[in-house]
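# Report on the structure
Chain by chain, the residues run as shown.
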Amino acid sequence: MKKVLLLVFVAMTCIGAFAQNAGDKAVGVNVSYGTDAKNIGLGVKGLYNLTDPIRFEAAANYWLKKDGVTCWDVQANAHYLFKVGDMLAIYPLGGVGYMRASVDAQEITVGGVTAKSESTSDGDIFFNLGGGAQYNLKDNIAITGELKYQFKDNGQLVICAGIAYKF
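Presented here is a report on the structure given in the accompanying data block. Everything numeric in this text was worked out from a predicted model, so none of it was measured. (Residues numbered from 1 in each chain as written. Predicted model: local features only at pLDDT ≥ 70, side-chain atom pairs only at ≥ 80, totals over all residues. Heavy atoms only, no water.)

### Remarks on the overall build of the protein
- Helix and strand counts for the protein come out as 1 helix and 11 strands.
- The order of helices and strands in the protein, counted from the N terminus, is α-β-β-β-β-β-β-β-β-β-β-β.
- For the protein, the proportion of its 167 residues judged to be buried stands at 32%.
- Across the protein, contacts joining residues at least 24 apart in sequence account for 52% of those joining residues at least 6 apart.
- A total accessible area of about 9,700 Å² is found for the protein, and carbon and sulfur atoms account for 67% of it. (Helix = DSSP H or I, 4+ residues; strand = E, 2+ residues; numbered from the N terminus. Buried < 20%, exposed > 50% of the residue type's maximum accessible area, 1.4 Å probe, protein only. Contact = heavy atoms within 4.5 Å. Areas by Shrake-Rupley, 256 points an atom, 1.4 Å probe, with all protein chains shown as cover.)

Right, here's the structure in full:
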């Protein structure tokens, strides 16, 4: 516990500037883990500060193929940034997204008889609700971490870690 408090103290007192001002833009990449799918996703995102504390995020993720299932999603989220120190900000987030999953055709042999299923795909709209943190390594580079729940038929908790470049 002392190490965590020390880390928070150091993060809050470090000198640096990654100001979040209206009009700021950034791009980033992330890796995610979905608890329902038990799978890893790779993503890209674009960030735009509408006002000093309000940021818009457009993101796309590709979930690695697992058990013949391929999945991708696109989403739009809003963040409300709370500056905790010069280099650290935390934020709640909310948004909406669309997920598409495809299942490959499979062959099954039972008792010498082979049957082949057809490939299929389906899409679903979901809603995100969660929170995150951003730690600024330099003036234009930040690392991020997020926890969000995707509300859909088979909802899931998604854990994300990423890096962003401000320009």
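### Examining the layout of surface pockets
- Considering only enclosed or pocket space, the largest pocket measures out at about 410 Å³ in volume.
- Around the largest pocket, the lining is made up of 20 residues, and of these Ala-37, Cys-71, Met-99, Ala-101 and Lys-152 lie nearest the centre.
- Of all the elements in the fold, those that place two or more residues in the lining of the largest pocket are strand S3 (54–66), strand S4 (69–80), strand S6 (88–103) and strand S9 (120–136).
- Partitioned by chemical class, the residues of the lining of the largest pocket number 7 nonpolar, 5 polar and 8 charged. (1 Å grid on protein atoms, 1.4 Å probe; cavity = no way out; pocket = protein on both sides within 12 Å on 5 of 7 lines; lining within 4 Å. Points joined across faces, edges and corners; volume = space filled by probe spheres on them. Nonpolar A, V, L, I, M, F, W, Y, C, P; charged D, E, K, R; others polar.)

### Side note on empty space enclosed by the protein
- Tallied over the entire structure, the rule returns 2 cavities of 30 Å³ or more.
- Empty space within the largest cavity amounts to approximately 100 Å³.
- Taken together, 14 residues line the largest cavity, and the ones lying closest to its centre are Asn-30, Glu-57, Glu-146, Lys-148 and Cys-160.
- Elements represented by at least two residues in the lining of the largest cavity include exactly strand S1 (25–34), S3, S4, strand S10 (141–151) and strand S11 (156–166).

### Thoughts on the packing of aromatic side chains
- According to the stated counting rule, one finds 3 aromatic pairs in the structure shown.
- Measuring from centroid to centroid gives 4.8 Å for Tyr-149 and Phe-151, while their planes differ by 65 degrees, and the two rings are edge-to-face.
- Just above the ring of Tyr-91 sits the side chain of Arg-55; from NZ or CZ to the centre is 5.2 Å. (Phe/Tyr/Trp six-rings, centres within 6.5 Å; stacked < 30°, edge-to-face > 60°. Lys NZ or Arg CZ within 6 Å of the ring centre and 35° of its normal.)

### Observations concerning the environment of Asp-122
- Here Asp-122 lies in strand S9.
- Of the residues examined, Asp-122 reaches a relative accessible area of 57% and is grouped as exposed.
- Taking the C-alpha atoms as reference, Asp-122 lies 5.6 Å from Ala-101; in sequence the two are 21 residues apart.
- Apart from the residues within four sequence positions on either side, Asp-122 is in contact with Met-99, Arg-100 and Ala-101.

### Looking at the pairing of strand S7 (residues 107–110)
- Inspection of the sheet shows S7 paired to strand S8 (residues 113–116) by 4 bridges, in the antiparallel sense. Directly across from Thr-109, in S8, lies its bridge partner Thr-114. (Pairing = 2+ DSSP bridges.)

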